[in-house]
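Observations on the three-dimensional arrangement
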Amino acid sequence: MTNTIYKNTSSIIYQIASNLETSSSKAYLAQLRQSINRDIYAAAGVFPLIFSNISDQHLGQSGHLTDGERAIITTLQLYALHQQGKSSHVNIVDNTKEGKRARNVGAVLNSLRTAENTKAVDRRFNAMITANSFEELIIHLRHLIKLLKSRSQSKVNYPQLAVDLYFYQKGSEDDLRLKWSRSYYRQLNNQKEGEKENEE
């Protein structure tokens, strides 16, 4: 099921990002951004692309989004926010040669830490992982994606983010907090070890 979420999200982003200069891609991205914090019908223009690429097992039958639909659409909104104003792709795909998936968002957000703003970024990250609801998590994540866009060239594995957000809604909040925190602080440890080696 998680592999389906990953593939569905990958397929949608691929179709949007195959040519970022086309009017259709720009329109899709603009509508996704405009739907943030609004009724989902604000993104109705993107519905054909989204719902034709979501597997039946995740498609809803009622007037409410399923957990799978919400995870994918929320991820696409974050992707559109990150991609705005950038000519290069912000989504990173699997490293198929090594058979590994790209780092999760916790590791990517570590790139925001600098000598000047380490504490501020850590505070934002900690506020995100201690969020009490999906909606609160997304608000903090959105702020961090905006920072990433303005201060870093790092890319995000957005299909993996969709999988993570799906599991969050399925009651695996603590698992997600632990996974992202490990990745975020592991990067810090790796940097410290590299600095020690350079000193020697």
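Rules and cut-offs
Numbers given for residues are sequential positions, taken from 1 along each chain in its written order. Where local features are concerned, this predicted model is filtered to residues with pLDDT of at least 70; where side-chain atom pairs are given and counted, the filter is 80 or more; whole-chain, interface and lining totals use all residues. Values shown for side chains rest on all heavy atoms present in the structure; no hydrogens or waters enter the calculation. In the sections that follow, a salt bridge refers to a side-chain nitrogen of Lys or Arg positioned within 4 Å of a carboxyl oxygen of Asp or Glu. Strands here mean DSSP runs of E at least two residues long; helices mean DSSP runs of H or I at least four residues long; both are numbered from the N terminus. The cut-offs for exposure are 20% and 50% of the maximum accessible area for each residue type, with area from a 1.4 Å probe on protein chains only; residues under the lower value are buried, those over the upper are exposed, and the others partly exposed. Charge counting follows a simple rule: Lys and Arg are positive, Asp and Glu are negative, and His as well as the terminal groups are ignored. We define a polar contact as two N or O atoms separated by no more than 3.5 Å, with the added condition that, inside protein, one atom must be a possible hydrogen donor and the other a possible acceptor, whereas residues neighbouring each other in sequence contribute only through side-chain atom pairs. Only heavy atoms matter for contacts: two residues are in contact if any of them lie within 4.5 Å across the pair. Expected span, for any helix, means 1.5 Å times one less than how many residues it has. Starting at the helix axis, one direction is taken to each C-beta atom, and the arc is that of these directions. To define axes, lines are fitted to C-alpha atoms, for helices over the stretch in contact only, and angles between the resulting N-to-C directions are given on a 0 to 180 degree scale. Roughly parallel covers angles under 35 degrees, roughly antiparallel covers those over 145, roughly perpendicular covers 65 to 115, and oblique covers all other angles. Left-handed describes a crossing whose near helix is turned anticlockwise from the far helix through less than a right angle; right-handed describes the clockwise counterpart. All amino acids are sorted into three groups, where Ala, Val, Leu, Ile, Met, Phe, Trp, Tyr, Cys and Pro are nonpolar, Asp, Glu, Lys and Arg are charged, and the leftover types, Gly among them, are polar.

Some details on the pattern of salt bridges
- Using the criterion set out here, one finds six salt bridges in the structure.
- Lys 26 is the partner of Glu 21 in a salt bridge, and the nearest nitrogen-oxygen pair spans 3.7 Å.
- Lys 170 serves as the salt-bridge partner of Asp 67, at 3.2 Å between the closest nitrogen and oxygen. Taken together, the residues Asp 67 in helix 4 (residues 67-83) and Lys 170 in the loop between helix 8 (158-169) and helix 9 (173-199) connect sequence positions 103 residues apart.
- In this structure, a network of salt bridges that share partners links the residues Asp 67, Arg 70 and Lys 170.

Section: the side chain of Glu 69
- Secondary-structure assignment places Glu 69 in helix 4.
- Within the buried core, Glu 69 has no salt-bridge partner, and the shortest N-O distance to an opposite charge, that of Arg 70, equals 7.5 Å.
- Within the structure, Glu 69 has its side chain in polar contact with the backbone nitrogen of Thr 66 (distance 2.8 Å).
- Not counting residues up to four positions away in its chain, the partners in contact with Glu 69 are Phe 51, Ile 54, His 58, Leu 59, Gly 60 and His 64.

Quick notes on helix 4
- Taking 1.5 Å of rise per residue, 17 residues should cover 24 Å, and helix 4 covers 24 Å from first to last C-alpha, within 8% of that figure.
- Two residues or fewer after helix 4 comes Gly 85, characterised by a positive phi angle close to 75°.

Looking at helix 6 (residues 118-129)
- With 12 residues, helix 6 should reach 16 Å at 1.5 Å per residue; the first-to-last C-alpha distance of 17 Å fits that figure.
- Of all the residues in helix 6, the buried ones are Val 121, Asp 122, Phe 125, Met 128 and Ile 129. Considered in projection along helix 6, the buried side chains sweep an arc of 120° and stay on one side of the axis. Residues Lys 119 and Arg 123 are exposed on helix 6 and point more than 90 degrees away from its buried face.

Some words on the environment of Thr 74
- Relative to the helices and strands, Thr 74 is located in helix 4.
- For Thr 74, a relative accessible area of 8% corresponds to the buried category.
- Along the primary structure Thr 74 and Leu 165 are separated by 91 residues, whereas in three dimensions their C-alpha atoms are 8.5 Å apart.
- Ignoring any residue separated from it by four or fewer positions in sequence, one finds Thr 74 in contact with Phe 134, Ile 138 and Leu 165.

Let's talk about the packing of helix 4 against helix 8
- At their nearest, the axes of helix 4 and helix 8 sit 8 Å apart, and the two run at 140° to each other. Looking at the two axes, helix 4 sits oblique to helix 8. Here helix 4 and helix 8 pass one another in a crossing that is right-handed. For the pair helix 4 and helix 8, the contacting residues are Asp 67, Gly 68, Arg 70, Ala 71, Ile 72, Thr 74, Thr 75, Leu 78, Tyr 79 and His 82 in the first and Tyr 158, Leu 161, Ala 162, Leu 165, Tyr 166 and Gln 169 in the second.
- Across the contact of helix 4 with helix 8, the residue classes tally to nine nonpolar, five polar and two charged.

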